[in-house]
Structure formats: structure tokens, C-alpha cells
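Notes for the structure review
Okay, here's what each chain looks like letter by letter:
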Amino acid sequence: MTDPFRVGGRVYVVTGAATGIGEAIARELVAAGAAVALVDIAPKLRGLAAELGDQASAHVVDIVERDAARAVVEHVLATRGRIDGLVNSAGAVVNGTALTTTDDDWERAMAVNVTGTLRFVRAVLPPMLDRGRGSVINLGSVVGVRAREDGIGYITAKAAVLGLTRSVALDFGRCGVRCNSVSPGAVDTPMLRAYEQRNPGSLQRLADTNYLGRVGTGTEIAHLCRFLLSDASSYLNGTDIVIDGGALAAFEPPRSPTAPR
Ligand SMILES: NC(=O)c1ccc[n+]([C@@H]2O[C@H](COP(=O)([O-])OP(=O)(O)OC[C@H]3O[C@@H](n4cnc5c(N)ncnc54)[C@H](O)[C@@H]3O)[C@@H](O)[C@H]2O)c1
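Okay, so let's go over this structure. Keep in mind that this is a model prediction, so the values were computed, not measured.

Here we come to the overall build of the chain. Of regular secondary structure, the chain possesses eight helices and seven strands. If one aligns the C-alpha atoms of the chain with their principal axes, the spans along those axes are about 55 × 45 × 40 Å. In the chain, which comprises 261 residues, the share counted as buried stands at 47%. Put simply, 68% of the contacts in the chain that link residues at least 6 apart link residues at least 24 apart. For the chain, the computed accessible surface area is about 12,700 Å², with 54% contributed by carbon and sulfur atoms. Charge-centre separation for the chain: the mean point of 27 positive side chains lies 5 Å from the mean point of 27 negative side chains.

Within a regular strand, the side chains alternate between the two sheet faces. By the criterion of burial, strand S5 (residues 134–139) is predominantly enclosed, with six of the six residues buried. Every second residue of S5 is oriented toward a common face, with Gly134, Val136 and Asn138 on one face and Ser135, Ile137 and Leu139 on the other, all of them buried. Strand direction decides the pairing type here: strand S4 (residues 85–88) and S5, joined by four bridges, are parallel. Residue valine 87 lies in a different strand from S5, and its bridge partner there is isoleucine 137. In terms of handedness, the path from S4 via helix H4 (residues 103–131) over to S5 forms a crossover that is right-handed. Regarding topology, helix H5 (residues 152–172) serves as the crossover connection from S5 to the parallel strand S6 (residues 177–184), and that connection is right-handed.

Glancing now at unusual backbone geometry. Unlike most non-glycine residues, aspartate 150 shows phi in positive territory, near 65°. The topology assignment puts aspartate 150 in the loop between S5 and H5.

Considering the arrangement of structural elements, one finds arginine 46 in helix H2 (residues 45–52). Here the alpha-carbon distance between arginine 46 and alanine 186, two residues 140 residues apart in the chain, equals 27 Å. Apart from the residues lying within four places of it in its own chain, the contact partners of arginine 46 are Ala58 and Val60.

What follows covers the packing of helix H1 (residues 20–31) against H2. Where H1 contacts H2, the axes come no closer than 11 Å and their chain directions differ by 15°. The angle between H1 and H2 falls in the class roughly parallel. Along this stretch, H1 crosses H2, giving a crossing that reads as right-handed. The residues of H2 that touch H1, namely those facing Glu23, Arg27 and Val30, are Leu48, Glu51 and Leu52. Residues that form the contact of H1 with H2 fall into these classes: three nonpolar, no polar and three charged.

Thresholds, definitions, all that
- Residues numbered from 1 in each chain as written.
- Predicted model: local features only at pLDDT ≥ 70, side-chain atom pairs only at ≥ 80, totals over all residues.
- Heavy atoms only, no water.
- Helix = DSSP H or I, 4+ residues; strand = E, 2+ residues; numbered from the N terminus.
- Buried < 20%, exposed > 50% of the residue type's maximum accessible area, 1.4 Å probe, protein only.
- Contact = heavy atoms within 4.5 Å.
- Areas by Shrake-Rupley, 256 points an atom, 1.4 Å probe, with all protein chains shown as cover.
- Lys, Arg positive; Asp, Glu negative; His and termini not counted.
- Charge placed at Lys NZ, Arg CZ, Asp CG, Glu CD.
- Pairing = 2+ DSSP bridges.
- Right-handed = clockwise from strand over helix to strand, strands pointing away.
- Axes fitted to C-alpha atoms, helices over the stretch in contact; angles between N-to-C directions.
- Parallel < 35°, antiparallel > 145°, perpendicular 65-115°, else oblique.
- Left-handed = near helix turned anticlockwise from the far one by under 90°.
- Nonpolar A, V, L, I, M, F, W, Y, C, P; charged D, E, K, R; others polar.

Put into C-alpha cells, the structure is as follows:
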């Protein structure tokens, strides 16, 4: 019997793969025997692809560039012959309120988090529709469900990612292509470290106010994504899965950082 959790032998595209959650997903998939096209604007992506070997290819592009996604997908189809899944993990935080966010920052937040995500979805859809199967995952965020201070551009963009995900799920689910989003809470990556630099003490505060008493790891997000890419999640479509240690379940932070008994 075929293992429904199997991803080995399949072909995936992962954006934002040079660091953080995207890197963890790429490592997880390659370790499980999948071929992965790594996409990132950061040239260090090439070093990761070299480390991962023949199962990985590096595509150093800006996902916002109009033709970037199409070129990546053409290359993957020419070299691997198919695309089974896409993970849109590339994302960019911009800071500021409605009064302080610059027009450039607002447009960058929308371009990277929303338009770049749409472009990769659009590019993988035709080959997935031809085969009548595919799984797309978009990285949302708990701030797309709730909000925090000083981040209107990022928060609005992440809320849009959840709407984009639901639209794709409804438009293409009956053709065999599923689309879901994953909304992490605080995960220890370069993005969270940058947030800590802007808001000193936030990493500790996020850990102390979490109901598992810590921030998450990229590998924990990668395990969920591996499940969503596999046939084991075949009835999941248009869903947002929050993975945050219980943060959104709570009305108030824990009364004590230690367990009650
Ligand atoms: N880390 C967290 O706590 C957290 C929480 C909620 C949601 N997320 C989301 O998860 C995803 C991954 O986050 P992360 O923490 O790994 O972030 P990260 O900043 O550590 O990594 C993001 C990667 O995306 C790449 N990237 C950014 N703009 C790009 C562009 N225009 N073209 C190509 N690549 C580009 C970066 O070079 C980087 O390698 C993001 O969408 C983020 O918004 C992260």
C-alpha cells in the first residue's frame, strides 16, 4: 500500500528557501527524498542547494519580478517533468502605523507577500491542472488573523494571503489542486531576530507569553507543510492552519511562565 504521507519522488517549489522556515521546509523535503526547486533573492541560496545535492536546484530571483515565477516553473518542468506542490514562504516585514508606513514600504509589503505569492500560484497552476493534482501552501501569519501594533503593511498583506488562499482553493479544488495556508506564531528565524532587534526583549516576551513556554522552530513548521503537501491531507482545502503553541487560543497571556503544577 502506498504511504499517504509520502513526499519522496515528488517535485516541489519552495520560495524563501535561503533562510528560516523556507530553508527548513526545503531540508525536510529533500531529506524525505523529494526534488526541490529552491527560490530566493539571497545569493546564499546557491550554497544551500550545493549542500543538498542533485535533488535541489537554486533559483536566485526576486519573486516580485514579473517573469520570475514563470521562468522557474519552466526550468523545473524541463528538468524534472512535473510539479507536485508549491510552498510560498518568501515574505517581508515592513514596520509602521497608518501614519508612519511609507508608500514604498506599503507597496513592498503587498508586492512580496501578496503579488509574489499570486505569481507563483499562477505559474504552477497550468502544469498542476494538466495532471489534475497539486498542493499549494501559502505562509500566512497569526497577525493575518489577529493584529499587533506598528505593522499595518505586513498585517494587511498577511490577511490578504488568507483571502488569496481561499480563492484559489475554491477556484481549483474541483480540478484536483488544493490550496491551504499555514499561519505561524513566533518562530525562531532571521525574521524574528530582526523583530527582536527593533523591539528588544520581544523574543523572551513571546516565549514567556506562549502557552508552550517557547517560540517555535522552522522544523516544526516544515513538518506541518510536509503533511499538507502529501496525500495524507487530501481533504484539506481552503483551510488556514494556525501553528503557534496556543497563542491565538488565549484571551490573555499565561498567569505564570511556569506550568500550574
Ligand atoms: N518567523 C516567524 O515568526 C513568522 C511568523 C509568522 C509568519 N511568518 C511567515 O513565514 C514566512 C517565512 O518567514 P521566515 O521567518 O522564514 O522569514 P525570513 O525573513 O527568515 O526568510 C524569508 C526569506 O524570504 C526571502 N525573500 C524575501 N523577499 C524576497 C523576494 N522579493 N524574492 C525572493 N525571496 C525573498 C528572504 O531572502 C529570506 O530568505 C514568511 O512569509 C513570514 O511572513 C514567519
